[in-house]
Amino acid sequence: MEKVFDSKFLTSNLSGSSLKRYSNISIGSKATYLFAPHTVSELAEIIRTAVQNNLEVVPIGGCSNILFGNVGNRVIISDENLPKICEINGNLAHVSCNYKISTFIEEMKKHDLGGLEFLAGIPAHLGGTVHMNAGAFDKCLSSYVEFIEVIDRKSNLKKIPFNEVECQYRHISVQDFILNVGLRLESKSAQEISSEIGRIMALRKERHPYDFPSLGSTFKNPDGYFAGILIRDCGLAGKRIGDAQISEKHSNFFLNLGQATFQDYKALIALAQKEVFEQKGIKLELEVKVLN
Ligand SMILES: Cc1cc2nc3c(=O)[nH]c(=O)nc-3n(C[C@H](O)[C@H](O)[C@H](O)COP(=O)(O)OP(=O)(O)OC[C@H]3O[C@@H](n4cnc5c(N)ncnc54)[C@H](O)[C@@H]3O)c2cc1C
């Protein structure tokens, strides 16, 4: 293989390691290019080299929404070793992308700042949730974001006011590596925040399967429908291929019962899309990012 990255400059080159360790559903094979930079300049250097060589850059956070197949020559960059920051100024929190959502919510509680409790129970990082414009219970993360700091394709650090970013269902218009996020939070007592987390977690446990790992909702909800209900109504609740299973509790959650492979998961996705299209005439669009 042609040597693209000069290891002299990079202390965080994990190329050749498996992505399974990162995946929330423990599915993943070896990555040709995998990095976990410790500094912003190292991150910028990796992105510059990737772009110069026409290689696609893929940031990863909690990997709670990515299905890893054969990732080919994509340059996978984990946020895990990047400098961790969390600065509070009044109601504004300036936070690095690699904060776990649950840790961040707990941290903010100590400052009587809340609002993001609707995301409690999501095994994600802040950068990933902003990129995905995560939402639940009629709330969306984009309503709380004031700015993002990104490293663009030219490796420049840019601060982008969030009102300049187009936000849609599980999509934002800026596709650069999100380094830090500015969040305008709500003044709330720690007690109020705890009880809201408790309410949300109870709802999630009632509706969603938590006994086996998943990637959350596999498909986006088509306009006017719930993907999970469509899949269930096609008779697929509990359907299993290998060790991948469509949850009986919520049919938009696809579980890894233990040893599921990429092929098992992919076959289950294809089956759900085929049956829903044939039986209901509706095309299910993936919410999960499949890297293959
Ligand atoms: C049990 C469970 C419950 C869930 N519930 C919800 C829910 O209620 N609502 C919801 O919206 N989602 C939900 N999800 C899905 C998932 O948690 C979200 O999509 C989340 O936003 C993904 O964050 P992540 O850090 O895991 O991102 P990853 O899975 O690592 O990445 C997802 C995407 O974001 C990109 N990305 C990651 N980090 C960055 C970065 N720093 N800069 C730029 N791009 C980046 C990746 O390239 C990829 O395209 C759930 C998942 C699980 C397992």
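Just so we're clear, the structure is a prediction, and the values are computed from it rather than from any experiment.

The rules behind each value
- Residues numbered from 1 in each chain as written.
- Predicted model: local features only at pLDDT ≥ 70, side-chain atom pairs only at ≥ 80, totals over all residues.
- Heavy atoms only, no water.
- Near = heavy atom within 4 Å.
- Polar contact = N/O pair within 3.5 Å; in protein donor to acceptor, adjacent residues only side chain to side chain.
- Areas by Shrake-Rupley, 256 points an atom, 1.4 Å probe, with all protein chains shown as cover.
- Helix = DSSP H or I, 4+ residues; strand = E, 2+ residues; numbered from the N terminus.
- Nonpolar A, V, L, I, M, F, W, Y, C, P; charged D, E, K, R; others polar.
- Salt bridge = Lys/Arg side-chain N within 4 Å of Asp/Glu carboxyl O.
- Buried < 20%, exposed > 50% of the residue type's maximum accessible area, 1.4 Å probe, protein only.
- Domains from an automatic or database assignment.
- Contact = heavy atoms within 4.5 Å.
- Buried area = accessible area lost by both parts, 1.4 Å probe.

J.: Would you mind going over the site of the ligand with me for this structure?
T.: The local shell around the ligand holds 32 residues, among which Pro 59, Gly 61, Gly 62, Ser 64 and Gly 135 are the closest. Note that a nitrogen atom of the ligand is positioned 2.7 Å from one of the backbone N or O atoms of Gly 135. Taking 980 Å² as the accessible area of the ligand by itself, protein coverage stands at 95%. Mapped onto the shell around the ligand, the elements with two or more residues apiece are β2 (57-60), α3 (126-131), β8 (135-136) and β14 (177-184). The leading source of residues in the shell around the ligand is α3, at 4 residues. By residue class, the composition of the shell around the ligand is 15 nonpolar, 13 polar and 4 charged.

J.: For this particular structure, what's the right way to read the pattern of salt bridges?
T.: Close approach of charged atoms allows side chains with opposite charge to pair. Using the criterion set out here, one finds 16 salt bridges in the structure. Where Lys 158 meets Asp 152, a salt bridge forms, and the shortest distance between an N and an O atom there is 3.7 Å. For Lys 158, a relative accessible area of 37% translates into the label partly exposed. Using a relative accessible area of 11% as the deciding quantity, one classes Asp 152 as buried. Of the charged contacts, one joins Glu 287 and Arg 170 as a salt bridge, the two residues approaching to 3.5 Å between their closest N and O atoms. Within this pair, whereas Glu 287 is found in the loop between α6 (262-280) and β19 (289-291), its partner Arg 170 is found in the loop between β12 (167-168) and β13 (171-172), the two being separated by 117 residues in sequence.

J.: Explanation requested: unusual backbone geometry in the structure shown.
T.: With glycine set apart, most residues show a phi of negative sign, and most peptide bonds adopt trans. For Asp 112, which is not glycine, the phi torsion reads 55° and is therefore positive. Positionally, Asp 112 belongs in the loop between α2 (101-109) and β7 (113-114). The phi dihedral of Arg 170 is positive, around 55°, even though this residue is not glycine.

J.: Hey, could you run me through the domain arrangement of the protein in this one?
T.: How big an interface is tends to be reported as the loss of accessible area on association of its parts. In terms of domain boundaries, the protein breaks down into domain 1 (7-78), domain 2 (86-193) and domain 3 (209-291). A straight line from the C-alpha centre of domain 2 to that of domain 3 covers 28 Å. Listed per partner, the contact involves 4 residues of domain 2 and 5 residues of domain 3. The contact between domain 2 and domain 3 buries some 480 Å² in all, and 48% of this surface belongs to carbon and sulfur atoms. The tally of links between domain 2 and domain 3 comes to 1 salt bridge. Applying the counting rule to domain 2 against domain 3 returns 3 residue pairs in polar contact (both at pLDDT 80 or more). Partitioned by chemical class, the residues of the side of domain 2 that touches domain 3 number 2 nonpolar, 1 polar and 1 charged.

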